[in-house]
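Overview (structure and organization)
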Amino acid sequence: MKRIVCLLLIVTLFLIPCSSASAWTCFRNEEGRSGANTIQAATPIDTNTTGPRWKKRFSKSMGPVMNSTPVITEKNIYIVSKNVLYKTDKEGTVLSTLQLCASMNSMCHMASDRKNLYIPLGGGLLQCVDMNTMTSVWTSESFGGQSLTTVYIHNGLVYAGTTNGDGTEGYYYCVGAEDGKTRWSYQNETYPCGYYWSGAVSATLPAGECLLFGGDNGILVSHSLASDQVYDTLDLSSITGSKGKIRAGITYDAASDAFYTTSNNGYLYQIRMGEKGNFDMVNFVFLGDSIGKTVNCTSTPTIYNGRIYVCSYYDNAGRISVIDADTMHTIYAATTGTADIKSSPLVSTGYATEENHHRVYVYFTQNTVPGGIYYIEDSSVTESADIKTLYEPKNNPQFCLHSLAADAEGTLYYSNDSGTFFAVHEGFASGDILPPPSPTTPADLPADSTVSPVTPADPTGKPGTSTVFSPSLTPDPQQTPPGTTPKKKIRPGKPSRIRIIKKKKHRGKYKVTLSWKKGNHSKKTQIKIKGKKLKTVSVSKYTLSLKKGVHTILLYGYISPSQKSSAARIRFRVS
């Protein structure tokens, strides 16, 4: 009897949403437990009184600029813009900054373990930063390409993925949280793909734990947490008969004991796992009214009180669907204009009571100008809803790909493509005046700011075929003594977008063709292997004859022996 009571207590704990009262640790606050992307605070619901408590544009650049998703603690906010990490207080005052080893890509879904930040950056790098001291702890090896996935942390390990521009190549990988050393990297050899806006989550099973993630090949992977072992794979097109890309995260719901994700061809999936990490049962629902019309979905579903909330774009209109988690049938869908809704919905339970049938407010953004905040009101008995406008910026409108974050006070945080970061709350309806941009380079920083520049690590490529590398690091400007005129010395940039194509030859030899984009100001490219100079070429392609094994090749932007870039290093296996 005691064991039964104990089990009931454990189940009850897991049924309670686990959103932290004082921290928003990552995109959707996903920590692998039930209740991701829900907040128990009383968030703003009155359009007439809601506005920016404060807002800030970190970059001085003209035109669209992307910020990272924020990490929020009880006292501070951390956000990346370009290649600078900012630490602010809750009023938006910049307390300190750190120049990172590379710039972020168009999306940067960093994560925190409440001690360190793990920041995905260009070139397939992951940088660990101490949140207290704002100093770099380590930088991972380079996995190449763009870092667009959500970073996931679990039991001292950090997971993320990379992609090339069209999502056809990339790696999903695991590094140690303490040292940044690679534990494993994965690529489907039969159906290679990139990992583009997708995310991972851990699953607890009778036989242990596994990691679930998906990619642009539409295949879900069940993988060992710490070792290079795949337990199972599932091609979602074998379930629906329609091929799509997984460009969303995966969320767990304890009440249904199932995992949920979406594919960009408009399907929501409910997945139950077997005891040994195998995919056991899959149910699905189409997010439109009829198959054949334009549809797109990159939204990670949010689950509360037996209802699933997920956004999409269907028949030239943005929509949010409300779906029964037990039956996987659509209860209703609300639509708005012609705007695509890319974001994952944030559910506020701060007003939910038994008397109002657990009324919730579900927030999202739309990928169109002006890039504001919108919501629906829902409850356990609601069968239809209208999309309402909560806040739209007047002075800095832009498109918006971001989802919303929230804190214990109910403040909503997000960025639109103007590079403006908004802290929105009730009582600030007139606060739509943008303060001056924050400094983004060490020379521009105020005297009380702390800057700890990091010397970029020399990226090392991962084994693979047709791998694209995009090093985004450029040499620092030449420093000159005060009062003197700096000499203009051209420094060539590294080669980038390096591609490897392998073809087998006779007697164990392989024909390996390298192609690349020349570094800035480079007249030629110098190629070395194992420290031995091979050739300096003026073209952007070179073919080698190599034996089986692991090879490391260095490419330098070259003007003269005294004017060379640092090395773009690639490491790959011929087999």
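The structure we're discussing is the one just above.
We now turn to the structure provided with this report. Treat the numbers as computed from the prediction; the structure is a model and nothing was measured.

Here's the deal with the sheet that holds strand S15 (residues 201–205)
- Across the sheet, which stays open at both edges, the four strands sit in the order S15-S16-S17-S18 with antiparallel pairing between neighbours. Two strands close off the open sheet at either side, each with one partner strand: S15 and strand S18 (230–235). The sheet shows a mean angle of 25 degrees between the axes of neighbouring strands, taken without regard to direction.
- Looking at chain direction, strand S17 (residues 219–223) and S18 are connected through five bridges and run antiparallel. Residue pairing in the sheet places Ile219 in a bridge with Asp235 of S18.

Points about the sheet that holds strand S20 (residues 258–263)
- Taking strand neighbours across the sheet as the criterion, the four strands line up as S19-S20-S21-S22 in an open arrangement whose pairing is antiparallel. This sheet does not close on itself; its edge strands, each paired only once, are strand S19 (251–253) and strand S22 (279–286). Between one strand axis and the next, the sheet turns through 30 degrees on average, direction left out of account.
- The pairing of S20 with strand S21 (residues 267–273) spans five bridges and is classified as antiparallel.

Side note on the packing of aromatic side chains
- Taken as a whole, this structure holds 23 aromatic pairs when the rule is applied.
- On the basis of an interplanar angle of 70 degrees and a centroid distance of 5.6 Å, the ring pair of Tyr267 and Phe284 is categorised as edge-to-face. Note that Tyr267 is positioned in strand S21 and Phe284 in strand S22, a separation of 17 residues in sequence.
- Plain terms: the ring middles of Tyr413 and Phe421 are 5.9 Å apart, the flat faces sit at 15 degrees to each other, and that makes the pair stacked. The same class applies to Tyr413 as to Phe421, namely buried.
- One aromatic cluster is present, formed by Tyr152, Tyr159, Tyr172, Trp184, Tyr186, Tyr195 and Phe213 through successive ring pairs.
- Seen from the ring of Tyr196, Arg247 lies directly overhead, with NZ or CZ sitting 3.9 Å from the centre.
- Lying over the aromatic face of Tyr556, Lys564 brings its terminal NZ or CZ to 4.7 Å of the ring centre.

Observations concerning the nonpolar core
- Ranked by size, the top nonpolar core spans 35 residues in total, and within it Tyr159, Leu211, Leu212, Phe213 and Phe259 carry the most contacts.
- Residue assignment for this core shows that the elements contributing at least two residues are strand S12 (157–161), strand S13 (172–176), strand S14 (182–186), S15, strand S16 (208–214), S17, S21 and S22.
- Other than its neighbours up to four places away in sequence, Phe213 contacts Tyr172, Trp184, Tyr186, Tyr195, Gly199, Ala200, Ile219, Leu220, Val221, His223 and Ile250.
- Within the second largest apolar cluster, 29 residues are counted, among which are Ile39, Ile72, Tyr361 and Cys400.

Considering the side chain of Thr298
- Topologically, Thr298 is positioned in the loop between strand S23 (295–296) and strand S24 (302–304).
- On the basis of relative accessibility, which here comes to 9%, the residue Thr298 falls in the buried class.
- At 3.3 Å, the side chain of Thr298 and the backbone oxygen of Lys342 are in polar contact.
- Dropping the residues within four chain positions of it, Thr298 is found in contact with Trp197, Arg247, Ala248, Thr262 and Lys342.

Parameters and conventions
Residues numbered from 1 in each chain as written. Predicted model: local features only at pLDDT ≥ 70, side-chain atom pairs only at ≥ 80, totals over all residues. Heavy atoms only, no water. Pairing = 2+ DSSP bridges. Helix = DSSP H or I, 4+ residues; strand = E, 2+ residues; numbered from the N terminus. Axes fitted to C-alpha atoms, helices over the stretch in contact; angles between N-to-C directions. Phe/Tyr/Trp six-rings, centres within 6.5 Å; stacked < 30°, edge-to-face > 60°. Buried < 20%, exposed > 50% of the residue type's maximum accessible area, 1.4 Å probe, protein only. Lys NZ or Arg CZ within 6 Å of the ring centre and 35° of its normal. Core = buried A, V, L, I, M, F, W, Y, C linked by side-chain atoms within 4.5 Å. Contact = heavy atoms within 4.5 Å. Polar contact = N/O pair within 3.5 Å; in protein donor to acceptor, adjacent residues only side chain to side chain.

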